[in-house]
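Report on the structure
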Amino acid sequence: MALPKPDELLQNVNLNRTPSQHWMDIKTEFKPGTYCYAVEPQVMKDLGLPNLGSWQPHDEKWPLPENWKEIVRDAIKTRMERFRSFKLFMDICVRCGACADKCHFFLGTGDPKNMPVLRAELIRSIIKGEFSTFAKLFGRFAGARPLTEDVIKEWFFYFYQCTECRRCSVFCPYGIDTAEVTIIMREILHELGIAIDWAMKPVRFSHFIGNHIGIQPHTMKEIIEYLVADIEEITGVKIEVPFNKKGAEILFVPPSGDYFADPGIYNFMGYLILFHHLGLDYTISTYASESGNFGFFNKLELAKKLHAKIYEEAKRLKVKWILGGECGHMWRVWHQYHNTWYGPVNFLEVPKSPITGTVFEHAKDNKIIHICEFTADLIAHNKIKLDPSRNDHVIVTYHDSCNPARAMGFFEEPRFILKHVCNNFVEMPENTIREKTFCCGSGSGLNTDEYMEMRMRGGFPRANAVEYVHKKYGVNHLACICAIDRAVFPALMNYWVPGVDVCGVHELVGNAIVLDGEKERTTDLRYRPLKGKEEEV
Amino acid sequence: MPTVEYKGKVFEVDEDGFLQAGLDAWCQEWVEYVKEQEGIQELTEEHWKVINILQDYYKKNGVAPMVRILSKLTGFPLKKIYELFPSGPGKGACKMAGLPKPTGCV
């Protein structure tokens, strides 16, 4: 089905309409563009996970295993016992509704089941119906309902219509974290063999090859050499990139989107230019070649396994500490799960900038820091030679990528960098940035083509804020620090706000850095003419 | 698994119509089928240049080349690739060449 035009898409969205039927009586409809394809069975088999064979969500009858109810009951019970967070979130919600209009999917669809309060109620009602004698007796009056196949379909639809962005939890007076609920619900569906293809294939690739895209070592090296050749053409400086270098001080782990997909590759060029400028003793691994972790969008055990390989590689290469690229959910895994899974890492050193001497005490357990903290520290110590006028063709605003913002409290560093490498930086409205940032609408493994209508709906609030600064200040670049953002924003901008390009923070750093021995630059890293150099290109 | 039938051949495809068995099932009829789907009038040497380069790269690397590398290898700017394959390098050219869809943060 073709995607409706922008002026038609939200025509029927009414945020104040109460459906005529009770929510429990409304059956889920699988319309093209609003759900993701089911996982290919071979992917699950390769990873030793349960699968339902070949099926699709729009099938009338899902091929659930005979004992599916038992599996679901056990899965819920296990998690209620294991995760205090989940049990608490199921217990304490008072239905105040503060979260209701904070979800980008609710704002883009008007579907009440996209209100975080009701999203959680989709499972809460089953917990009551299955485990509470009182609720079993009073049924719907006590907010309980029976577990049916339709409930499974509904869970699939709505828990893959939450990007785990956690904007709602900022506004919840109890701090209920809907992302945790979604994570657990996706796990429960996984136990039945239900998962989406787009979120699982990267897991298989990362598991067997080392990154989400399936780039093998020789290919990774070749791609990066292409980027190095472009840098040489643009700056006149030849850069050496160390691969798998044992004994290097720092292991740099980027998201694979940054060395494969447009516009991430320009960001990657920015990293390389920075490292060269500093003479940094670092290495890139062709094995731990992915900072992202799509396991996290499926099942915590998968996430844990993929996370481990980065430390295994750090150990093998005998580096001192790890530097992470501009990746989003990686930082949620690192900041909020790592210590629970593995505890402090004892074979690495506390990250210390070899250039400024700054010791990053807050990373003393995980031994990893974000490249934006690293670069902001360099700029604060005046250790990088910058010419911000080389970004004068750029009027940039900053999208706080959900996970670094809400999971790390990472607000100032990217802004500090942008203000030093660009002369034109503009903020979007206050209720759409920092901890209140709006999701790209495609996070948590939902960045797939078949989901485009829902992505455009969910991304609307963010796009709307960009449109505001685009019209008011002429903003033409949207900077972000997440590879999913960089992959999905071009489509979102193209749809809602044509004329706004998407970039990483370090692409702009790369444009501004003045390298020793460089030639006069006439273009940026995308071969676009610099301001005032239009004639020369 | 959906299938398509074309000139007496049956192809297993994924939900987006990519050849499920990849290069193993790729043949002349498949190329003609995608040509028709894409609304391409006539396959020129330029089309074949893109297809051959995609397949060679895939055999060597196990992934499709990123767009910038495809441009470099063929000498065609992205705009030209869109002229040749209206659905673009992925859904047009890669599909015709029998390559799978990309995955991850792309």
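The numbering scheme is per chain: residues are counted from 1 as the chain's sequence reads. Labels follow written order: the first chain is A, the first ligand is 1, and so on. Where totals are concerned, whole chains, interfaces and linings use all residues; where local detail is concerned, this predicted model gives features only for residues with pLDDT of at least 70, and gives and counts side-chain atom pairs only at 80 or more.

**What to know about the overall build of chain B**
To qualify as a helix, a DSSP run of H or I must reach at least 4 residues; to qualify as a strand, a run of E must reach at least 2; elements of each kind are numbered from the N terminus. A count of helices and strands for chain B gives five helices and two strands. Counting from the amino terminus, chain B carries its helices and strands in the arrangement β-β-α-α-α-α-α. For the radius of gyration, the atoms used are the C-alpha atoms, and the globule rule reads 2.2 Å times the number of residues raised to 0.38. Relative to the 2.2 N^0.38 estimate, which gives 13 Å for 106 residues, the radius of gyration of chain B is 13 Å and therefore close to what a compact globule would have. Along the first, second and third principal axes, the C-alpha atoms of chain B reach 35 × 30 × 20 Å. The buried share of chain B, reckoned over its 106 residues, is 29%. Contact between two residues is assigned whenever their backbone-derived C-beta positions fall within 7 Å. The contacts of chain B with a sequence gap of at least 6 include a subset with a gap of at least 24, amounting to 48%. Working definition of burial: number of other C-beta atoms within 10 Å of the residue's own, with buried at 20 or more, exposed at 12 or fewer, and partly exposed in between, all C-beta atoms being placed from the backbone.

**Digging into the environment of Ile92(A)**
All names here are of chain A. With respect to the element layout, Ile92 can be found in helix 4 (residues 84–92). The exposure class assigned to Ile92 is exposed, which follows from the 12 C-beta atoms found within 10 Å. Sequence separation between Ile92 and Glu430 is 338 residues; the distance between their C-alpha atoms is 29 Å.

**A few points about the sheet that holds strand 5 (residues 396–398) of chain A**
All names here are of chain A. Between any two strands, at least two bridges found by DSSP are needed for them to pair. Reading across the sheet, the four strands line up as 6-5-7-8 and stay open at both edges, with parallel pairing between neighbours. Unpaired on one side and paired on the other, strand 6 (425–426) and strand 8 (501–504) mark the two borders of the sheet. Bridging between strand 5 and strand 7 (residues 477–480) involves three bridges; their strand directions are parallel. Residue pairing for strand 7: Tyr398 is matched across the bridge by Ala479. Fitted lines through C-alpha atoms give the axes, limited to the stretch in contact for helices. The angle between two N-to-C directions lies from 0 to 180 degrees. Across the sheet, helix 18 (residues 412–421) lies against strand 5, strand 6 and strand 7, angled at about 170 degrees from strand 5, the strand it touches most.

**A short note on the environment of Gln41(B)**
All names here are of chain B. For Gln41, the location among the structural elements is in the loop between helix 1 (28–38) and helix 2 (45–61). Residue class for Gln41 comes out exposed when judged on the 6 C-beta atoms lying within 10 Å of it. A C-alpha to C-alpha distance of 16 Å links Gln41 and Glu29, two positions twelve residues apart in sequence.

**Section: the environment of Asn51(A)**
Residues and elements named next belong to chain A. Of note, Asn51 is situated in the loop between helix 2 (41–46) and helix 3 (68–82). When the 22 C-beta atoms within 10 Å are taken as the criterion, Asn51 is described as buried. Considered as a pair, Asn51 and Ala195 are 144 residues apart in the sequence and their alpha carbons are 8.5 Å apart. In contact with Asn51, other than residues within four places in its own chain, are Val39, Pro41, Met44, Lys45 and Gly193.

**Some words on the packing of helix 3 of chain A against helix 10 (residues 178–192) of chain A**
A pair of packed helices can be characterised by two numbers: the angle between their axes and the separation between those axes. Residues and elements named next belong to chain A. At a minimum axis distance of 9 Å, the contact between helix 3 and helix 10 shows a crossing angle of 145 degrees. Between helix 3 and helix 10 the crossing geometry is right-handed. Together, Trp68, Ile71, Val72, Ala75, Ile76 and Arg79 of helix 3 and Ile184, Ile188, Glu191 and Leu192 of helix 10 make up the contact between the two elements. When residues are sorted by character, Ala, Val, Leu, Ile, Met, Phe, Trp, Tyr, Cys and Pro go into the nonpolar class, Asp, Glu, Lys and Arg into the charged class, and all the rest, Gly among them, into the polar class. When the residues that make up the contact of helix 3 with helix 10 are grouped by side-chain class, the tally is eight nonpolar, no polar and two charged. Handedness of a helix crossing follows the sense of rotation of the near helix relative to the far helix, less than a right angle counterclockwise being left-handed and clockwise being right-handed.

**Quick word on the packing of helix 20 (residues 460–473) of chain A against helix 21 (residues 483–496) of chain A**
Residues and elements named next belong to chain A. Running from amino to carboxyl end, helix 20 crosses helix 21 at an angle of 65 degrees, the nearest separation of the two axes being 10 Å. Seen from above, helix 20 lies across helix 21 with right-handed handedness. Residue-level contacts link Phe460, Ala463, Val466 and Glu467 of helix 20 to Leu492, Met493 and Trp496 of helix 21. Here the contact of helix 20 with helix 21 is built from residues that sort into six nonpolar, no polar and one charged.

**Re the interface of chain A and chain B**
When the parts of a complex come together, some accessible area is lost, and that lost area is often taken as the interface size. Between chain A and chain B, the residue contacts involve 28 residues of the former and 16 residues of the latter. At the level of elements, helix 11 (197–208), helix 12 (217–235) and helix 21 of chain A are the ones that each hand at least two residues to the side of chain A that touches chain B. The leading source of residues in the side of chain A that touches chain B is helix 11 of chain A, at four residues. Residues that form the side of chain A that touches chain B fall into these classes: 15 nonpolar, ten polar and three charged.

**Observations regarding the sheet that holds strand 2 (residues 282–284) of chain A**
Residue and element names in this part refer to chain A. Pairing is parallel in the open sheet, where four strands are placed in the order 2-1-3-4. The outermost strands of the open sheet, each flanked by one partner alone, are strand 2 and strand 4 (368–370). For this sheet the average axis-to-axis angle between neighbouring strands, irrespective of direction, equals 30 degrees. As paired strands, strand 3 (residues 321–324) and strand 4 are joined by three bridges and run parallel to one another. What sits directly across from Leu323, in strand 4, is Ile369.

**Some thoughts on the domain arrangement of chain A**
All names here are of chain A. Per the domain assignment, the segments of chain A are domain 1 (26–195) and domain 2 (204–536). Segmentation into domains, and thus their bounds, comes from an automatic or database assignment. Between the C-alpha centres of domain 1 and domain 2 the distance comes to 32 Å. At the junction of the two partners, domain 1 supplies 25 residues and domain 2 supplies 26 residues. Listed by contribution, the elements that provide at least two residues to the side of domain 1 that touches domain 2 are helix 2, helix 5 (104–109), helix 9 (167–171) and helix 10. If one sorts the elements of the side of domain 1 that touches domain 2 by residue count, helix 5 sits on top with five residues. Partitioned by chemical class, the residues of the side of domain 1 that touches domain 2 number eleven nonpolar, eight polar and six charged.

**Here's the deal with the nonpolar core**
Residues and elements named next belong to chain A. Ranked by internal contacts, the top residues of the largest apolar core, which has 176 residues, are Leu418, Val466 and Leu508. A total of nine residues in this core trace back to one element, the largest contributor, which is helix 13 (residues 264–278). Both domain 1 (26–195) and domain 2 (204–536) contribute no fewer than three residues apiece to this core. Definition of nonpolar core: a set of buried Ala, Val, Leu, Ile, Met, Phe, Trp, Tyr and Cys residues joined via C-beta atoms within 7 Å.

**Notes on the pairing of strand 1 (residues 250–253) of chain A**
Residue and element names in this part refer to chain A. Of the two faces of strand 1, the one carrying Ile250 and Phe252 and the one carrying Leu251 and Val253 are both buried. Pairing between strand 1 and strand 2: three bridges, direction parallel. Paired with Ile250 across the strands is Tyr282, a residue of strand 2. Here four bridges tie strand 1 to strand 3, and the two strands are oriented parallel to one another. Residue pairing across strands places Val253 opposite Gly324, the latter belonging to strand 3.

**Digging into the pairing of strand 2 (residues 9–12) of chain B**
Residues and elements named next belong to chain B. Relative to strand 2, strand 1 (residues 3–6) runs antiparallel, the two sharing four bridges. The residue bridging Val4 from the neighbouring strand is Phe11, located in strand 2. Here strand 1 hands over to strand 2 after two residues, with Lys7 in that stretch at a positive phi of 45 degrees.

**Looking at the confidence of the model for chain B**
One confidence number per residue, pLDDT, is output by the predictor and ranges from 0 to 100. Here chain B shows a mean pLDDT of 93. Residues at 70 or above account for 100%. Both confidence scores are given for the complex: pTM 0.96, ipTM 0.93.

**Considerations on unusual backbone geometry**
Note on backbone geometry: most residues besides glycine have negative phi, and most peptide bonds are trans. Residues and elements named next belong to chain A. Along the chain, Asp262 connects to Pro263 via a cis peptide bond; the corresponding omega equals 5 degrees. With a phi angle near 60 degrees, Arg95 is a residue other than glycine that sits in the positive phi range. Relative to the elements of secondary structure, Arg95 occurs in the loop between helix 4 and helix 5. Judged by local crowding, Arg95 falls into the exposed class, with 12 C-beta atoms found within 10 Å. One non-glycine residue, Lys367, lies in positive phi territory at about 65 degrees. Within the fold, Lys367 resides in the loop between helix 15 (329–342) and strand 4.

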